[in-house]
Amino acid sequence: MKLYLDTANVQEIREIHAMGVLSGVTTNPSLVAKALTQAGERFESEAAFYERFTGVVREIAELVQAPVSAEALSTDADGMVAEGKKLAALSEHVVIKLPVTAAGLAACRRLADEGVAVNMTLIFSANQALLAARAGARYVSPFLGRIDDTGWSGVELVRTIREIYDLHGIEAEIIAASIRHPQHVTEAALAGADIATIPYGVFKALLKHPLTDIGIERFLSDWEKAKQEL
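Described below are features of the structure shown in this document. (Residues numbered from 1 in each chain as written. Predicted model: local features only at pLDDT ≥ 70, side-chain atom pairs only at ≥ 80, totals over all residues. Heavy atoms only, no water.)

1. Considering the packing of aromatic side chains
Step number 1: Under the counting rule described, the total for this entry stands at 2 aromatic pairs.
Step number 2: Their ring planes at 55° and their centres at 5.4 Å tell us that Tyr 50 and Phe 53 sit as a pair that is tilted. Here the residue Tyr 50 and the residue Phe 53 both occupy positions in helix 3 (residues 46-64), the gap between them amounting to 3 residues, near one helical turn.
Step number 3: Judged by its relative accessible area of 23%, Tyr 50 is partly exposed. (Phe/Tyr/Trp six-rings, centres within 6.5 Å; stacked < 30°, edge-to-face > 60°. Helix = DSSP H or I, 4+ residues; strand = E, 2+ residues; numbered from the N terminus. Buried < 20%, exposed > 50% of the residue type's maximum accessible area, 1.4 Å probe, protein only.)

2. A closer look at helix 4 (residues 77-88)
Residue pairs spaced three or four apart in an α-helix point in one direction, given the helix's 3.6 residues per turn.
Step number 1: Between the first and last C-alpha of helix 4 there are 16 Å, a value that for 12 residues agrees with the 16 Å anticipated at 1.5 Å per step.
Step number 2: Residues of helix 4 that are buried: Ala 77, Gly 79, Met 80, Val 81, Glu 83, Gly 84 and Leu 87. (Expected span 1.5 Å × (residues − 1).)

3. Side note on the sheet that holds strand 8 (residues 195-198)
Note on sheets: strands pair through backbone hydrogen bonds, and any given pair is parallel or antiparallel.
Step number 1: Strand order in the closed barrel formed by 8 strands is 1-2-3-4-5-6-7-8, with parallel pairing between adjacent strands. Neighbour to neighbour, the strand axes of the sheet diverge by 30° on average, direction disregarded.
Step number 2: Relative to strand 5 (residues 118-123), strand 4 (residues 94-99) runs parallel, the two being bridged by 4 bridges. If you follow Lys 97 over to strand 5, its bridge partner there is Asn 119.
Step number 3: On the sheet, helix 5 (residues 102-113) packs against strand 4 and strand 5 and is oriented at approximately 155° with respect to strand 4. (Pairing = 2+ DSSP bridges. Axes fitted to C-alpha atoms, helices over the stretch in contact; angles between N-to-C directions. Contact = heavy atoms within 4.5 Å.)

4. Things to note about the nonpolar core
Step number 1: Leu 98, Met 120 and Tyr 165 are the most contacted members of the largest nonpolar core, which has 67 residues in total.
Step number 2: Those residues in contact with Tyr 165, other than ones at most four positions away along the chain, are Ala 129, Leu 130, Ala 133, Val 140, Ile 170, Ala 172 and Ile 174.
Step number 3: By size, the runner-up hydrophobic cluster in this structure holds 6 residues, among which are Tyr 4, Val 95, Ile 175 and Ile 195. (Core = buried A, V, L, I, M, F, W, Y, C linked by side-chain atoms within 4.5 Å.)

5. Some points on the packing of helix 6 (residues 126-134) against helix 8 (residues 154-168)
Step number 1: At their nearest, the axes of helix 6 and helix 8 sit 9 Å apart, and the two run at 40° to each other. Our classification of the angle between helix 6 and helix 8 gives oblique. Helix-helix and strand crossings are classified by hand; for helix 6 and helix 8 the assignment is right-handed. Judged by residue contacts, Ala 126, Ala 129, Leu 130, Ala 133 and Arg 134 of helix 6 engage Leu 157, Thr 160, Ile 161, Ile 164, Tyr 165 and His 168 from helix 8.
Step number 2: Of the residues in the contact of helix 6 with helix 8, the class split is 8 nonpolar, 2 polar and 1 charged. (Parallel < 35°, antiparallel > 145°, perpendicular 65-115°, else oblique. Left-handed = near helix turned anticlockwise from the far one by under 90°. Nonpolar A, V, L, I, M, F, W, Y, C, P; charged D, E, K, R; others polar.)

6. Details of unusual backbone geometry
Step number 1: Backbone geometry at Leu 122 places phi at a positive 60°, although glycine is not the residue there.
Step number 2: Turning to its location among the elements, Leu 122 is positioned in strand 5.
Step number 3: Of the residues examined, Leu 122 reaches a relative accessible area of 31% and is grouped as partly exposed.
Step number 4: A positive phi angle is found at Ser 178, which is not glycine, with a value near 55°.

7. Section: the side chain of Asn 9
Step number 1: Tracing the chain through its elements places Asn 9 in the loop between strand 1 (2-6) and helix 1 (10-17).
Step number 2: Separated by 3.0 Å, the side chain of Asn 9 and the backbone nitrogen of Glu 12 make a polar contact.
Step number 3: With residues up to four places along the chain from it excluded, the contact list for Asn 9 reads Ala 35 and Gln 38. (Polar contact = N/O pair within 3.5 Å; in protein donor to acceptor, adjacent residues only side chain to side chain.)

8. A closer look at the pairing of strand 8
Step number 1: Burial of strand 8 is two-sided: the residues Ile 195 and Thr 197 facing one way and the residues Ala 196 and Ile 198 facing the other way are all buried.
Step number 2: The β-α-β motif built from strand 7 (residues 173-176), the intervening helix 9 (residues 182-191) and the parallel element strand 8 has right-handed crossover chirality. (Right-handed = clockwise from strand over helix to strand, strands pointing away.)

9. A look at the side chain of Asn 119
Step number 1: If you trace the backbone, Asn 119 turns up in strand 5.
Step number 2: Each residue touching Asn 119, except ones within four places of it in the same chain, is listed here: Ser 69, Val 95, Ile 96, Lys 97, Leu 98, Tyr 139, Val 140, Ser 141 and Ile 175.

10. Quick look at the environment of Ile 60
Step number 1: Relative to the helices and strands, Ile 60 resides in helix 3.
Step number 2: Considering only alpha carbons, one finds Ile 60 and His 181, 121 residues apart in sequence, at a separation of 24 Å.
Step number 3: If we ignore the near neighbours within four places in the chain, the residues touching Ile 60 are Ala 8, Val 10, Ile 13, Val 25, Thr 27 and Val 68.

11. Observations concerning helix 9
Step number 1: Among the residues making up helix 9, those that are buried are His 184, Val 185, Ala 188 and Ala 191. What you see down the axis of helix 9 is that its buried residues fit within an arc of 130°, all on one side.
Step number 2: Next to the buried residues of helix 9 lie strand 1, helix 7 (144-149), helix 8, strand 7, strand 8 and helix 10 (200-207).
Step number 3: Downstream of helix 9 by one or two residues, Gly 192 has phi in the positive range, about 100°. (Arc of directions from axis to C-beta.)

What follows is the structure, given as structure tokens:
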């Protein structure tokens, strides 16, 4: 299972990318707005924000040299297609995120037919994942955490989509999204997700284990003792 970072914070991306484990990034306008606000940036107009948004997407794509999902803001198919083409022109690595709506499916098909990679997002059912794949999506993003919030299991949805895709030879990749904790990552991998897109804090937590820290401290302590005995 490939590991993506779910953020628009370039510093966070640089840090995780340096580990050598990052296979891509997912963003959305909310994440971009959060990152820019935290950096103290302010915008007088929607146009100014959107220009900065596209700049961030381009910068991330140049950094990771791997798929970067950027979400279209339009709600109609024509607008999604026009916006998707503009975003895709920023870099060969840009993937267009579209919601799984009737307009989103229509736009997905049109963009896919022109060779533009699409990530259909906000997937909450296996039927939505099937529709997205048949509309030409290269990626589908079921939202694990938000499904868990409803009392059902997001991981079970991933497992169901995986079974359907394998049964019918569907090649769209499953991105486990809305990851809330490290166990979600393990469960998504076991359920057959192709990709997990992970928030920065959870990504850092994947690396941590108290026994690892204890082991490092013990090795260093033993080494210091050994040096003193030389």
